[in-house]
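Chain by chain, the residues run as shown.
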Amino acid sequence: MPSTADRPLDIEPLTASQRLRRTAVTRAVLDLLEGLPSEQIQMREVSARSGVALATVYRYFPTKEQLLAAAMAAWNDHHVERFKKRRAAIDFSTPAAERALVLASANLGVYRHRPHHARLEIELHASADPYVIETLEQRAVNNRATLFELIPDVSPDVARVASLAIGGTLFTALALWTTGRISFARAQANITDVVRLTLAPRLTT
């Protein structure tokens, strides 16, 4: 049985074919999440769906939790790239809050019909696994960079606080929505309120 102290293989040294197999494995997880909660996903099923031998799956990802984290990171990267293609259509003469809201709404919207993805997001943030923590932190860095590129006219201090507030509100909204305590519409409204509050123009005296 793989040790939880083991880490996944680094991506950089992998050959092209190994990267393709690794991608097939994370893609299989995301496909399974469309219909199954994370706790019901088994490594053997991931192996069968991806066409990658079970021993190889474990060589790439010694634990299921690490695999789930990598799959969610890949999913996030995919949506970041999709958003970057939309960025050219954003009018940078509009208020910073409205530009940021386009991104924040997109980040929330991808979960609307994927409650299992949303629940997994909450679960991963409770992990003590160093690889999972590092993966989430790197993803947060990438997401902040995407936000900052949308609001270059906002001071770094305000942008930093806004990113923290927006990220925290998104996480809380997902937790409340997945447990049935708020509607998705309420989650969207909460995000909108926080974006506009934190990035509203400041009056000077």
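The structure contained in this document is the topic of the report that follows. All of these numbers come straight from a predicted model, not from anything done at the bench.

**Digging into the overall build of the protein**
- Looking only at helices and strands, one finds nine helices and zero strands in the protein.
- In the protein, the order of α-helices and β-strands from amino to carboxyl end is α-α-α-α-α-α-α-α-α.
- Taken over C-alpha atoms, the radius of gyration comes to 19 Å for the protein, in line with the 17 Å a tight globule of 205 residues would show.
- If one aligns the C-alpha atoms of the protein with their principal axes, the spans along those axes are about 65 × 40 × 30 Å.
- For the protein, with 205 residues in total, the buried portion stands at 42%.
- For the protein, restricting intrachain contacts to residue pairs at least 6 apart in sequence, the fraction spanning at least 24 positions comes to 71%.

**Section: helix α7 (residues 130–150)**
- Under the 1.5 Å per step criterion, the end-to-end length of α7 is 31 Å for 21 residues, consistent within 8% with the ideal 30 Å.
- Looking at the buried positions of α7, the neighbouring elements they touch are α1 (16–33), α4 (64–86), α5 (96–109), α6 (115–124) and α8 (156–178).
- One side-chain oxygen of the residue at the start of α7 lies 2.7 Å from the amide nitrogen of tyrosine 131, identifying that residue as aspartate 129.

**Section: the nonpolar core**
- Among the nonpolar cores identified, the biggest contains 55 residues, and Val46, Leu67, Tyr111, Leu124, Ile151, Val195 and Leu199 are the most heavily contacted of them.
- In this structure, tyrosine 111 is in contact with Met72, Trp75, His117, Ala118, Glu121, Leu174, Trp177 and Phe184, ignoring residues within four places of it in sequence.

**Section: the side chain of threonine 178**
- Within the element layout of this structure, threonine 178 appears in helix α8.
- Within the local environment of threonine 178, its side chain forms a polar contact with the backbone oxygen of leucine 174, the two atoms lying 2.8 Å apart.
- Among the polar contacts made by the side chain of threonine 178, one reaches the main-chain carbonyl oxygen of alanine 175 at a distance of 3.2 Å.
- If near-sequence neighbours (up to four positions away) are discounted, threonine 178 is found in contact with Pro115, Ala118 and Arg119.

**Comments concerning the side chain of aspartate 129**
- Along the chain, aspartate 129 falls in the loop between α6 and α7.
- No salt bridge is formed by the buried aspartate 129; its nearest oppositely charged neighbour, arginine 7, is found at 5.8 Å.
- Separated by 2.7 Å, the side chain of aspartate 129 and the backbone nitrogen of tyrosine 131 make a polar contact.

**Re the packing of α1 against α4**
- The contact between α1 and α4 brings their axes to 9 Å, and the two run at 90°. Between α1 and α4, the angle is such that the two are roughly perpendicular. Taking contact as the criterion, the partners of Arg22, Val25, Thr26, Val29, Leu30 and Leu33 in α1 are, on α4, Leu67, Leu68, Ala70, Ala71, Met72, Ala74 and Trp75.
- Here the contact of α1 with α4 is composed, by residue class, of eleven nonpolar, one polar and one charged.

About the thresholds
- Residues numbered from 1 in each chain as written.
- Predicted model: local features only at pLDDT ≥ 70, side-chain atom pairs only at ≥ 80, totals over all residues.
- Heavy atoms only, no water.
- Helix = DSSP H or I, 4+ residues; strand = E, 2+ residues; numbered from the N terminus.
- Rg over C-alpha atoms; globule rule 2.2 N^0.38 Å.
- Buried < 20%, exposed > 50% of the residue type's maximum accessible area, 1.4 Å probe, protein only.
- Contact = heavy atoms within 4.5 Å.
- Expected span 1.5 Å × (residues − 1).
- Polar contact = N/O pair within 3.5 Å; in protein donor to acceptor, adjacent residues only side chain to side chain.
- Core = buried A, V, L, I, M, F, W, Y, C linked by side-chain atoms within 4.5 Å.
- Lys, Arg positive; Asp, Glu negative; His and termini not counted.
- Salt bridge = Lys/Arg side-chain N within 4 Å of Asp/Glu carboxyl O.
- Axes fitted to C-alpha atoms, helices over the stretch in contact; angles between N-to-C directions.
- Parallel < 35°, antiparallel > 145°, perpendicular 65-115°, else oblique.
- Nonpolar A, V, L, I, M, F, W, Y, C, P; charged D, E, K, R; others polar.

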